[in-house]
Amino acid sequence: MIPYGWHDIDESDIAAVVEVLRHGPLTQGTTVERFEQAMAADCQSQYAVACNSASSGLLLACRALELGPGDWLWTSPITFAASATCALHCGARVDLVDVDPATGNLSPTALACKLAEAQSLGRLPRILVPVHYAGRPCDMAAIGELAQHFGFAIIEDAAHALGASDHGQPVGACRYSQATVFSFHPVKQITTGEGGMVLTNDAELAARMARLRTHDIRRTEGWHYSIEEPGYNFRLTDIQAALGLSQLKRLPDFVARRRCLARRYHQRLSGWPLMTPHGSDDDSSAWHLYVIRLGDQGERRMVYEAMRAAEIGVQVHYIPLYRQPFMQAQGMTFDPKAFPGAESFYASALTLPLYPGLTHVDQESVLEALRTALSALHPATPC
Ligand SMILES: *Cc1c(COP(=O)(O)O)cnc(C)c1O
């Protein structure tokens, strides 16, 4: 099976991990700090707080921003559950803003409409979580302007977007946001096995997240410490940080390789009966996912089944959040008709394999399986 995503580990990564295993410390050492400093420098932000997953990072950021009962967090429906569950774990509620069907990113137009309506109902969000879907940055300037006007905080879910840039600035610089969260799960841009990082320019927020990551333990003198609020053990180990530091050095090569493969898909797929991703030759995206759009739900299902049968690990990112029982368990009913962008995206999207180690031979196998599936559906259209 050719998977849709896969990590890339080389001898330099292995040597970096072995070095920590030989000499320690295995956790709470300086390798974690060095990884944080390297991420902050690369992303042009002031502070970075490493943690054991992006899901933990999102929760740390919500807790540090004091999201709680009575509050609302808004995100977009075309995302992984963690963009929303962070709010539920704080006792807050989640509402959703439709996406631009061209990109899968949160639509600033839909956001503006929903904010005006929420203001009249006295139900404005405390936090917005824009998701840089597939590695393409959301329109942060437009979203940031609305945040200023309506007074909500922004946590960027950049789990897909390490290595992306927004008008020349790296995602993670937090120009318009309070915090930006990255994931180091093996399918993401770089990996630590499991892991995540929250970047911010707010010293207070960074300190608070770092304390909550380690049970809010505040050392005073001697053996004494105090804990003022319940925290977590969300620490990244030094073993993982060593891998992360080594992988971060390789990030430019990873992104270049992803862009090259995306351009190749784009060229090869032109003229085929499908839509290639918006801005296929755009260098601002980190190209985490290569998502094509097929005619409709039935066609997508047939292509999915045929490609899976041919051992090509195509995937669907994502089932819209409002279709998940945990969202309805908030006592809310979501009408899919209120999300035309997400419905159209979900009906037609299919993720093709894309990762640095994907060879041209693998890519040809993907294209061949796709050609076979499509020519059964569109005999008149040559691929
Ligand atoms: C992977 C992912 C997460 C969660 O990352 P973990 O490190 O696995 O917790 C959150 N949001 C999005 C959009 C993701 O793709």
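Remember, it's a predicted structure, so these values are computed and weren't measured experimentally.

Chemist: Is there a simple way to explain unusual backbone geometry in this structure?
Modeler: Both trends apply: most residues other than glycine have a negative phi, and most peptide bonds are in trans. A cis amide bond, omega -10°, links glycine 24 with the succeeding residue proline 25. Tracing the chain through its elements places proline 25 in the loop between helix 1 (11–23) and helix 2 (30–43). The residue after histidine 317, namely tyrosine 318, is reached through a cis peptide bond having omega 0°. Topologically, tyrosine 318 is positioned in the loop between helix 9 (297–309) and helix 10 (325–328). In this model, glutamine 28 sits at a positive phi of 55°, which is unusual for a non-glycine residue. Structurally, the position occupied by glutamine 28 is in the loop between helix 1 and helix 2.

Chemist: Sorry if this is basic, but what is going on with the pattern of salt bridges here?
Modeler: Oppositely charged side chains can pair when the atoms bearing their charge come close. Taken as a whole and judged by the stated rule, the model has 20 salt bridges. Put simply, arginine 218 and aspartate 216 hold a salt bridge, and the shortest N to O gap is 3.1 Å. Given the relative accessible area of 23%, arginine 218 is considered partly exposed. On the accessibility criterion, aspartate 216 (0% relative accessible area) is buried. Here glutamate 228 and arginine 218 are joined by a salt bridge, their closest N and O atoms 3.4 Å apart.

Chemist: Got a minute to help me understand the pairing of strand 5 (residues 153–157) in this structure?
Modeler: For a regular strand, side-chain orientation follows a simple rule: the groups alternate between the two sheet faces. Of all five residues in strand 5, five are buried, a share of seventy percent or more. Residues Ala153, Ile155 and Asp157 of strand 5 are buried on one face, and the alternating residues Ile154 and Glu156, pointing to the opposite face, are buried as well. Of the pairings in the sheet, the one linking strand 4 (residues 127–129) to strand 5 comprises two bridges and is parallel in character. What sits directly across from leucine 128, in strand 5, is isoleucine 154. The β-α-β motif built from strand 4, the intervening helix 6 (residues 140–150) and the parallel element strand 5 has right-handed crossover chirality. Where strand 5 meets strand 8 (residues 179–183), three bridges bridge the pair, whose relative direction is parallel. Its bridge partner being in strand 8, glutamate 156 is matched across the sheet by threonine 180.

How each quantity is defined
Throughout this document, residue positions are counted from 1 along each chain, in the order its sequence is written. At least 70 in pLDDT is required for a residue's local features to be given in this predicted model, at least 80 for side-chain atom pairs to be given and counted, and no such filter applies to totals for whole chains, interfaces and linings, which use all residues. Hydrogens and water are ignored here; the side-chain numbers use all heavy atoms of the structure. Only DSSP runs of H or I covering at least 4 residues are called helices, and only runs of E covering at least 2 are called strands; the numbering of each starts at the N terminus. Every case where a carboxyl oxygen of Asp or Glu lies within 4 Å of a side-chain nitrogen of Lys or Arg is listed as a salt bridge. Residue burial is assigned from relative accessible area. The probe radius is 1.4 Å, only protein chains are included, and a residue is buried under 20% of its type maximum, exposed over 50%, and partly exposed in between. In short, DSSP must find at least two bridges between two strands for them to pair. Whether a crossover is right-handed comes down to one check: with the strands pointing away from the viewer, does the path from the first strand over the helix to the second run clockwise; if it does, it is right-handed.

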